[in-house]
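Residues per chain are reported as follows:
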Amino acid sequence: IPWDSAQLHLLSTAVQFGASVFEGIRCYETPDGPSIFRLPEHIRRLRDSCRIYRMPLEHDEATLIEACIETVRRNGLRSAYVRPMVLWGFGAPGLYPVGGSPLESYVASFPWGAYLGAEALEKGVDVCVSAWNRAAPNTFPVQAKAAGHYTNSTLVKTDAIANGFHEGICLGPDGRVSEGSGQNLFLIRDGLLVTPTLDGTSLAGITRDAVMTIARDLGIEVRDQPVPREMLYAADELFLCGTASEVTPIRSVDHIEVGSGGRGPVTEAIQSRFLAIARGEAEDRWGWRTPV
Ligand code: PMP
């Protein structure tokens, strides 16, 4: 579908109620051509999101994988953001789309640079702990990447920006650290890498998994555990990670400088390995690259 014709009816169920699931995937330029990072894992999560939301996805994973590759190829992109979506289209006026609205699947791809700015990868970002919490686990199934969940994320993000920060960190309903508005979070204390456990308030990020794999390979001990808020202020290093944000250091939280206020050595080691693998500059040890 040409860009200008990619339209949807105003009263589609997805538009009215956020009834869609999606993925965000990055395709990197590598010396061997464009390469999509962890594509099968993203498509598996898309399928899982459909199952959780009882969406009868008609395409198998191989078809969706091929569709992502083809969109990048046909758009002639060297690097890209790839956005598969499964959504309830136009038909049913109410909350029950089955039988009334069609379930539609699309894949878009377009160029998108560093999410938090090119400088952020090196210098880090200033974040706040948001006044908006993540919802309790029995409210939204956050392992599904559903558009409706992102009204919370947009509150967190817009509040953070309105208050002069780059990004906001959410606490869960129990007051412990959950994740960023669209990223998972890691902290380093005495050489140990710690990330909030997946407690039903945060997304099981694919970058989070990549970071843990890389860290272990670098000989860094990784702990997945409940994280009290104050650990953010006492951390030696902090970083956000996600497909869009990649590995972005945090230089301050609530105006309290993190460590020495820049990108710390552990963050830098993990970030450079991550980017080297994604960009095809390091061996693809874990089979994370899909050539276009
Ligand atoms: N948490 C949220 C809320 C997100 O939107 C994202 C981005 N998809 C992440 C974490 C990071 O997930 P991933 O590494 O799979 O992109």
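Residues numbered from 1 in each chain as written. Predicted model: local features only at pLDDT ≥ 70, side-chain atom pairs only at ≥ 80, totals over all residues. Heavy atoms only, no water.

## A look at unusual backbone geometry
- With a phi close to 50 degrees, Asp 190 is a non-glycine residue in the positive phi region.
- By the secondary structure assignment, Asp 190 is in the loop between strand E9 (184–189) and strand E10 (192–196).
- Relative accessible area serves as the criterion here: at 66%, Asp 190 is assigned to the exposed category.
- Not every positive phi belongs to a glycine, and His 255 is a case in point at roughly 70 degrees.
- On the secondary structure map, His 255 appears in the loop between strand E13 (246–253) and strand E14 (256–257).
- What makes His 255 exposed here is its relative accessible area of 68%. (Helix = DSSP H or I, 4+ residues; strand = E, 2+ residues; numbered from the N terminus. Buried < 20%, exposed > 50% of the residue type's maximum accessible area, 1.4 Å probe, protein only.)

## Some remarks on a nonpolar patch on the surface
- Judged by side-chain polarity, Leu 10, Leu 11 and Phe 90 come together as a nonpolar surface patch covering roughly 330 Å² of accessible area.
- Looking at the secondary structure, you find Leu 10 in the segment before helix H1 (13–17). (Patch = residues over 30% accessible without salt bridge, like charges linked within 9 Å, V, L, I, M, F, W, Y side chains within 5 Å. Areas by Shrake-Rupley, 256 points an atom, 1.4 Å probe, with all protein chains shown as cover. Salt bridge = Lys/Arg side-chain N within 4 Å of Asp/Glu carboxyl O.)

## Structural notes on the packing of helix H6 (residues 206–217) against helix H8 (residues 265–278)
- Where H6 meets H8, the axes come as close as 10 Å, and the angle between the chain directions of the two elements is 115 degrees. With respect to H8, the element H6 is oriented roughly perpendicular. Read as a crossing pair, H6 and H8 show a hand that is right-handed. Judged by residue contacts, Thr 207, Ala 210, Val 211, Ile 214, Ala 215 and Asp 217 of H6 engage Ile 270, Arg 273, Phe 274 and Ile 277 from H8.
- Looking at the contact of H6 with H8, its residues break down into 7 nonpolar, 1 polar and 2 charged. (Axes fitted to C-alpha atoms, helices over the stretch in contact; angles between N-to-C directions. Parallel < 35°, antiparallel > 145°, perpendicular 65-115°, else oblique. Left-handed = near helix turned anticlockwise from the far one by under 90°. Contact = heavy atoms within 4.5 Å. Nonpolar A, V, L, I, M, F, W, Y, C, P; charged D, E, K, R; others polar.)

## Some details on the layout of surface pockets
- Each pocket or cavity is described by its volume, and for the largest pocket that value is around 930 Å³.
- Lining the largest pocket are 32 residues; nearest its centre among them are Ile 1, Ala 6, Tyr 106, Val 107 and Ala 108.
- Of all the elements in the fold, those that place two or more residues in the lining of the largest pocket are H1, helix H3 (61–75), strand E4 (80–88) and strand E5 (103–110).
- At 7 residues, the largest contribution of residues to the lining of the largest pocket is made by H3.
- Taken together, the residues of the lining of the largest pocket break down into 19 nonpolar, 10 polar and 3 charged.
- Roughly 680 Å³ of internal volume is contained in the second largest pocket.
- Lining the second largest pocket are 37 residues, and of these Lys 145, Tyr 150, Ser 153, Ser 181 and Gly 182 sit closest to its centre.
- Counting residues per element, the ones that place at least two in the lining of the second largest pocket are E4, helix H5 (150–162), strand E8 (177–180), H6 and strand E12 (237–242).
- Ranked by residue count, the leading element in the lining of the second largest pocket is H5, at 6 residues.
- Classifying every residue of the lining of the second largest pocket gives 14 nonpolar, 16 polar and 7 charged. (1 Å grid on protein atoms, 1.4 Å probe; cavity = no way out; pocket = protein on both sides within 12 Å on 5 of 7 lines; lining within 4 Å. Points joined across faces, edges and corners; volume = space filled by probe spheres on them.)

## Some thoughts on the site of the ligand
- Surveying the vicinity of the ligand reveals 15 residues, the closest of which are Tyr 150, Glu 179, Ile 206, Thr 207 and Thr 243.
- Here Arg 45 contributes a side-chain N or O atom positioned 2.8 Å from an oxygen atom of the ligand.
- Surface burial for the ligand is 94%, taken as the share of its 380 Å² of free accessible area covered by protein chains.
- More than half of the atoms of the ligand fall within 2 Å of the grid points belonging to the second largest pocket.
- A class-by-class count of the residues in the shell around the ligand yields 3 nonpolar, 8 polar and 4 charged. (Near = heavy atom within 4 Å. Polar contact = N/O pair within 3.5 Å; in protein donor to acceptor, adjacent residues only side chain to side chain. Sits in = over half its atoms within 2 Å of the grid points.)

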